[in-house]
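So you can see what is in the structure, the chains are spelled out below.
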Amino acid sequence: MSTKAYYPISEIGAGKPGFSKTRSIIEAAFYGNNVVKVNTLKEAYELAKNSPGTIVTDMPILRGEEFGLEADAKVLLFNDGAVTGRYATARRIKGEPGVDDAKLDKVVMDAIYETRWKTMYHAEVYVGLDPEFMAKAHLLIPEGEENLLYNWMLNFQYMSDEYVKMYKKSQPIGGGNEPDIYIFSDPQWVPGNRPDVDYSCLSDPLTLCYFDTNENCAAILGMKYFGEHKKGTLTMAWALANRNGYASCHGGQKEYTLADGSKFVASVYGLSGSGKSTLTHAKHNGKYEIKVLHDDAFIINTDTCASIALEPTYFDKTADYPTGCEDNAYLLSAQNCSATLDEDGKIQLVTEDIRNGNGRAIKSKLWSPNRVDKIDAPVNAIFWIMKDPTIPPVVKLKGAALASVMGATLATKTSSAERVAAGTDMNAIRIVPYANPFRTYPLVNDYEKFKKLVKEKDVDCYIINTGDFMGKKVQPKDTLGILEAIVEGKASFTQWGPFEDIEIMDWEGFTPDLNDEAYKAELKNSMATRVNAVEGFANNKGGYDKLPDEALDALKKLVNAL
């Protein structure tokens, strides 16, 4: 088995793998006499369908039998309330400087105790879709939250006969020492005045996402948004993969087969709203044979450069998919959208973010007809998707240190998928290393993995700007045209001005003028921001995310060149 669920008596005890204090608190709750096991998607669907507040639309699920549902299953809609995005502030990572795990453990102990008065549901899924990497994950969640349970089972791989057989044949991860993933969630939790519980350890007074990723367990308290459960599960899968020789990727990957039979594998990295899904699913007017791995979560084996998807479905924004559009035929469920009656009196989804920002839906595998769970061909190119107005639509990075540190200082803008403090400037540029705000291990781990891909595996590295360049919007047709030129080997790159390690391709209407002192000053400031970010990594959190000196030197070289 890939992760470990059963232990010989001799392997149970203090100091042994799978038996940390936090994990012992969380796992025990799964065996309570108030726990009901949900074994199939059909069971989960019926629970969600009958859960108070669920809207059963009249939109059929296409070929639902293929996903473990009844033939007449409908798209279920559930709305969370005021919170419709992820909340990074609530995250506390065991092992990080300043995180008081002793106090947090007591918060979780008390939260679990309070659920003894509730019926709790226990579900299992697989994370990772190939025998090379499959982890079993468990979720425990109270009655009343059936839609979260159902969506979680939809988002990851439910235990179909096919995948159960695959899992039994899969390789043990970490030599058999990696335990199953356990997640305890109580969205109904509220902190109270209780003996020996000190809430000063929380970074937010009403919510908590607490991870002990070294032992593959987490507690999610007071959080109703499904994205917290999806990304919370991926957080632990990415950490597990990182420990075992994989680069953990928040992005999309696709394989192009050209007319001559050659293959090109492209990986794109960006936050929600950056264009990574658009680039991943683009069909390029049928010019190539395309295979899609995933548009959000995958891992790359840094030795073989093969890639594995972690999820079968797509958790996609509904803003760009109006009611009645063809893509909505592939919906499995929806969250934070409205509903209305059509001319036949049928309940239909109302999308386009009319009710709130960040409306979401889970789409089936069928949405991408060329979907695969693993790409064996080695990755050819990495594309950091940024929204930095000083960077042209595309540049190519030379040198492994610069290529990796540019990923570590990926510049972007806040997405509507995130819950942020009131007054936050949504257009302000911010640094999100590798477009992955879900990392729970030192940043240097990602830095070294991506550096290895460039240095040892000859993977090319580019920055793609999908925002605007000095006031001119970069259109999707520009980005897709650039991508096609690179894939076909027709892109011509030359040194960009004084930068020895950056090359540029001319693209009509987007030529940077390094003789323009105002532009030059903005570009220098952009690069200096990256220098400051890396220096901050070395000083913040006791240096937990410090990068090697070579990373800082590569950025300072760019600033000095200006």
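Look up a bit, the structure's there.
Residues numbered from 1 in each chain as written. Predicted model: local features only at pLDDT ≥ 70, side-chain atom pairs only at ≥ 80, totals over all residues. Heavy atoms only, no water.

Focus: the packing of aromatic side chains
Consideration 1: Evaluated as defined, the whole model comprises 23 aromatic pairs.
Consideration 2: Where W189 meets Y199, the ring centres are 6.3 Å apart and the plane angle is 55°; that geometry is what we call tilted. Residue W189 is found in the loop between β7 (181-186) and β8 (208-212), and its partner Y199 is found in the loop between β7 and β8; the two are separated by 10 residues along the sequence.
Consideration 3: Between the aromatic rings of F469 and Y519, the centroid separation amounts to 5.8 Å while the plane-to-plane angle is 75°, which identifies the pairing as edge-to-face. (Phe/Tyr/Trp six-rings, centres within 6.5 Å; stacked < 30°, edge-to-face > 60°. Helix = DSSP H or I, 4+ residues; strand = E, 2+ residues; numbered from the N terminus.)

Side note on the sheet that holds strand β2 (residues 55-60)
Consideration 1: Within the open sheet, the five strands sit side by side as β2-β3-β16-β19-β15. Their pairing is mixed. Edge positions in the open sheet fall to β2 and β15 (314-317), since each of these has one partner strand only. Adjacent strand axes in the sheet meet at a mean angle of 25° when their direction is disregarded.
Consideration 2: Two strands pair when backbone bridges link them, and strand β3 (residues 74-78) and strand β16 (residues 331-335) are joined in this way by three bridges, in the parallel orientation. (Pairing = 2+ DSSP bridges. Axes fitted to C-alpha atoms, helices over the stretch in contact; angles between N-to-C directions.)

Focus on the state of the cysteines
Consideration 1: Tallying each qualifying case throughout the model produces zero disulfides.
Consideration 2: Not engaged in a disulfide, the cysteine C209 finds its nearest cysteine sulfur in C217; these two sulfurs lie 13 Å apart.
Consideration 3: On the accessibility criterion, C209 (0% relative accessible area) is buried.
Consideration 4: The structure places no disulfide on C325, whose sulfur is separated from the nearest cysteine sulfur, that of C337, by 11 Å. (Disulfide = S-S within 2.5 Å. Buried < 20%, exposed > 50% of the residue type's maximum accessible area, 1.4 Å probe, protein only.)

Quick word on the pattern of salt bridges
Consideration 1: The tally for this structure, following the rule as stated, stands at 37 salt bridges.
Consideration 2: Note that D198 and K103 form a salt bridge whose closest N and O atoms lie 3.1 Å from each other. With a gap of 95 residues between them, D198 in the loop between β7 and β8 and K103 in helix α3 (residues 101-114) connect regions that are remote in the sequence.
Consideration 3: Note on D198: relative accessible area 31%, which makes it partly exposed.
Consideration 4: In this structure, D296 and K230 form a salt bridge, with 3.3 Å as the shortest nitrogen-oxygen distance. One end of the pair, D296, is in the loop between β12 (289-294) and β13 (297-301); the other, K230, is in helix α6 (residues 226-243), and 66 residues separate them in sequence. Summarising the burial analysis for this pair, D296 and K230 share the class buried. (Salt bridge = Lys/Arg side-chain N within 4 Å of Asp/Glu carboxyl O.)

Observations regarding the packing of helix α1 (residues 21-28) against α3
Consideration 1: Interhelical geometry of α1 versus α3 gives an angle of 10° and a closest axis separation of 10 Å. Taken together, α1 and α3 sit at an angle that is classed as roughly parallel. Across the interface between the two elements, K21, T22, I25 and I26 from α1 touch D105, V108, M109 and I112 from α3.
Consideration 2: Tallied by class, the residues present in the contact of α1 with α3 amount to five nonpolar, one polar and two charged. (Parallel < 35°, antiparallel > 145°, perpendicular 65-115°, else oblique. Contact = heavy atoms within 4.5 Å. Nonpolar A, V, L, I, M, F, W, Y, C, P; charged D, E, K, R; others polar.)

Here we look at the sheet that holds strand β1 (residues 35-37)
As a general point, the strands of a sheet are linked pairwise by backbone hydrogen bonds and lie either parallel or antiparallel.
Consideration 1: What the seven strands build is an open sheet, ordered β1-β5-β6-β7-β9-β8-β4; its pairing is mixed. The open sheet terminates on both sides in strands that have one partner only, identified here as β1 and β4 (91-93). Sheet twist, expressed as the average angle between the axes of neighbouring strands with direction ignored, equals 20°.
Consideration 2: Sheet topology note: the strand β5 (residues 120-130)/strand β6 (residues 133-142) ladder contains nine bridges and is antiparallel. Note that in β6 the partner of Y126 across the bridge is K136.
Consideration 3: Set on the sheet, α6 makes contact with β4, β5, β6, β7, β8 and β9 (217-221); between it and β6 the angle comes to about 145°.

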